[in-house]
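# Fold and geometry: a report
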Amino acid sequence: MKKILILGGTGFVGRHVCEKIERLQWRATVPTRRLGNAQQVQMLPMVTPVEADVHDEARLARLVAGHDAVVNLVGVLHGDKAAFHKAHAEFPKKLAHACDAAGVRRIVHLSALGADANGPSMYQRSKAQGEAHLQLKSPSHDLTILRPSVMFGREDNFLNLFAKLNQRFPLIPLARAEARFQPVWVQDVAEAILRCVARADTIGKIYELCGPRVYTLRELVELSGKLSGHPSRVVAVSEKIGRMQASLFELIPGDPMMSRDNLDSMKTDNVASGHRPGLAELGIAAAELEAAVRGYFGPHSWANRLIDYRKTAGRY
């Protein structure tokens, strides 16, 4: 039986990884700053949430000890240079040292498609720095790096965000409307992570995890409106107007819908290079976006069917 430490296990990807670990009957430890954040995984018998600050190096070393493998899912989508550096560059460096101290070799690290030391965004550059820190220590570690494209799935902050915009506005101004993405289903990413943990032949490799089709940002916004039953008109706007919009979004408390760093990331296409292995090499048939999304999106989704049943029963 494997015992896995999942860092970032209460997040969007982590919750799916924990559900799959339960089915495999592996044991998992999931650190979290507050146990209240782990409500969606603590009901799983094979998953043990632990309240801890993983950025504390001494605490991190104690967490790593006794595990067969570490899965690193720690990451942020928005923030300033310091926030990206802490999560994506500094933390992998601390993790490498903690694994050395605990004698744990196996690390599966979730990076991002487009990670590049010379990339146009802070997000991309910090992701590349994190990879470099881990690769520097790779002689003493069994490292696998995964680079997913933008991920979609139930409760994502991607297609669901577009759907909300379509519901609220008949006209959506959109910067970088022709930016290209190759969205991947979060379930496929979670499956890929655990197959890498289990398979020694993935050690030393970098996988690009992408869906079967490339979309422009315009197409994704229009598709989310269509599938949610609230289609709107998308109008491309200039870079200047887009940055002004993003600046205003950054002033809203909480995670912004769009940031200037997000716009910078879209200067490069978020699609597979074709030079690295992907889901197919892990034996995973990438899910089609529209087929997967119909299960939880729009008028025929499970959630909306449940609301209809409640109305019929007089409980809504």
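Here goes a summary of the coordinates provided.

How each quantity is defined
All residue numbers refer to positions counted from 1 along the written sequence of the respective chain. Local features in this predicted model are restricted to residues whose pLDDT is 70 or higher, and side-chain atom pairs enter the listing and the counts only when it is 80 or higher, whereas totals over whole chains, interfaces and linings include all residues. Note: side-chain values were computed over all heavy atoms of the structure, leaving out hydrogens and water. Strands here mean DSSP runs of E at least two residues long; helices mean DSSP runs of H or I at least four residues long; both are numbered from the N terminus. Exposure categories follow from relative accessible area, calculated using a 1.4 Å probe and restricted to protein chains: below 20% of the type maximum is buried, above 50% is exposed, and the middle band is partly exposed. Here, two residues are considered to be in contact whenever any of their heavy atoms come within 4.5 Å of each other. Residue burial considers only the protein chains on display, and all accessible areas are found by Shrake-Rupley using a 1.4 Å probe. A fitted line through C-alpha atoms represents every axis, and for helices the fit uses only the stretch in contact; the resulting angles, taken between N-to-C directions, go from 0 to 180 degrees. Each angle gets one of four labels, with under 35 degrees taken as roughly parallel, over 145 as roughly antiparallel, 65 to 115 as roughly perpendicular, and the rest as oblique. Aromatic contacts are taken between Phe, Tyr and Trp rings whose centres are within 6.5 Å, Trp giving its six-membered ring; a plane angle under 30 degrees counts as stacked, one over 60 as edge-to-face, and the others as tilted. A ring is scored as having a charge over it whenever the NZ atom of a lysine or the CZ atom of an arginine sits within 6 Å of its centre and within 35 degrees of its normal. Any two cysteine sulfur atoms within 2.5 Å of one another count as a disulfide. By this rule the span expected of a helix is its residue count minus one, scaled by 1.5 Å. Counted as a polar contact is a pair of N or O atoms within 3.5 Å, where, for protein atoms, one must be capable of donating a hydrogen and the other of accepting one, and residues adjacent in sequence contribute only when both atoms are in side chains. Salt bridge criterion: a side-chain nitrogen from Lys or Arg within 4 Å of a carboxyl oxygen from Asp or Glu.

### Looking at the overall build of the chain
Secondary structure summary: the chain contains 11 helices and 13 strands in total. When the backbone C-alpha atoms are referred to their principal axes, the chain occupies close to 55 × 55 × 40 Å. Relative to its full complement of 316 residues, the chain shows a buried share of 49%. Within the chain, residue pairs in contact and separated by at least 24 positions form 75% of the contacts whose partners lie at least 6 positions apart. Taken as a whole, the chain presents about 15400 Å² of accessible surface, with 52% of it coming from carbon and sulfur.

### Quick word on the packing of helix α3 (residues 81–102) against helix α4 (residues 122–136)
Running from N to C, α3 and α4 point in directions that differ by 10°, and their axes come no closer than 8 Å. If you check the angle between α3 and α4, you find them roughly parallel. Across the interface between the two elements, Lys-81, Phe-84, His-85, His-88, Ala-89, Pro-92, Lys-93 and Ala-96 of α3 pack against Met-122, Tyr-123, Ser-126, Lys-127, Gln-129, Gly-130, His-133 and Leu-134 of α4.

### A short note on the packing of aromatic side chains
Summed over all chains, the structure comprises 3 aromatic pairs. Look at Phe-84 and Tyr-123: their rings are 6.0 Å apart centre to centre, the planes differ by 80°, and that puts the pair in the edge-to-face class. Taken together, the residues Phe-84 in helix α3 and Tyr-123 in helix α4 connect sequence positions 39 residues apart. Taken together, the aromatic side chains of Phe-158, Phe-162 and Phe-181 make up a single cluster linked through ring pairs. Taking NZ or CZ as reference, Lys-2 lies 5.9 Å from the ring centre of Trp-26, over its face.

### Some points on the state of the cysteines
Applying the stated criterion across every chain, the model contains 0 disulfides. Cysteine Cys-99 shares no disulfide, and the gap to the nearest cysteine sulfur, in Cys-196, comes to 16 Å. Its relative accessible area of 1% is what places Cys-99 among the buried residues. The thiol sulfur of Cys-210 is not disulfide-bonded, and the nearest other cysteine sulfur, from Cys-196, lies at 14 Å. According to the relative accessible area criterion, Cys-210 is buried, its value standing at 9%.

### Points about helix α7 (residues 217–228)
The α-helix advances 3.6 residues per turn, and as a result positions three or four apart in sequence lie on the same side. With 12 residues, α7 extends 17 Å between its outermost C-alpha atoms, agreeing within 8% with the 16 Å of an ideal straight helix rising 1.5 Å per residue. Among the structural elements, α5 (159–168), β8 (171–175), β9 (180–181), β12 (215–216), β13 (233–237) and α10 (289–293) are those in contact with the buried residues of α7.

### What to know about the side chain of Ser-232
Within the secondary structure, Ser-232 is located in the loop between α7 and β13. On the accessibility criterion, Ser-232 (14% relative accessible area) is buried. In this structure the side chain of Ser-232 is engaged in a polar contact, spanning 3.0 Å, whose partner is the backbone oxygen of Asn-166. Among the polar contacts listed, one links the side chain of Ser-232 to the backbone oxygen of Phe-169, at a separation of 2.6 Å.

### Some details on the pattern of salt bridges
For the structure shown, the criterion picks out 16 salt bridges. Of the charged contacts, one joins Arg-243 and Asp-264 as a salt bridge, the two residues approaching to 2.9 Å between their closest N and O atoms. Here Arg-243, found in helix α8 (residues 239–250), pairs with Asp-264, found in helix α9 (residues 260–265); they are 21 residues apart in sequence, far enough to count as distant. Residue Arg-243 is classed as partly exposed on the basis of its relative accessible area of 26%. Given a relative accessible area of 12%, Asp-264 falls into the buried group. Each member of the salt-bridge network shares a partner with another, and the members are Arg-176, Glu-239, Arg-243, Asp-264 and Lys-267.

### Describing the environment of Gln-129
Within the fold, Gln-129 resides in helix α4. A sequence separation of 37 residues divides Gln-129 from Pro-92, and the C-alpha atoms of the two residues are 8.9 Å apart. Excluding residues within four positions of it along the chain, Gln-129 makes contact with His-85 and Ala-89.

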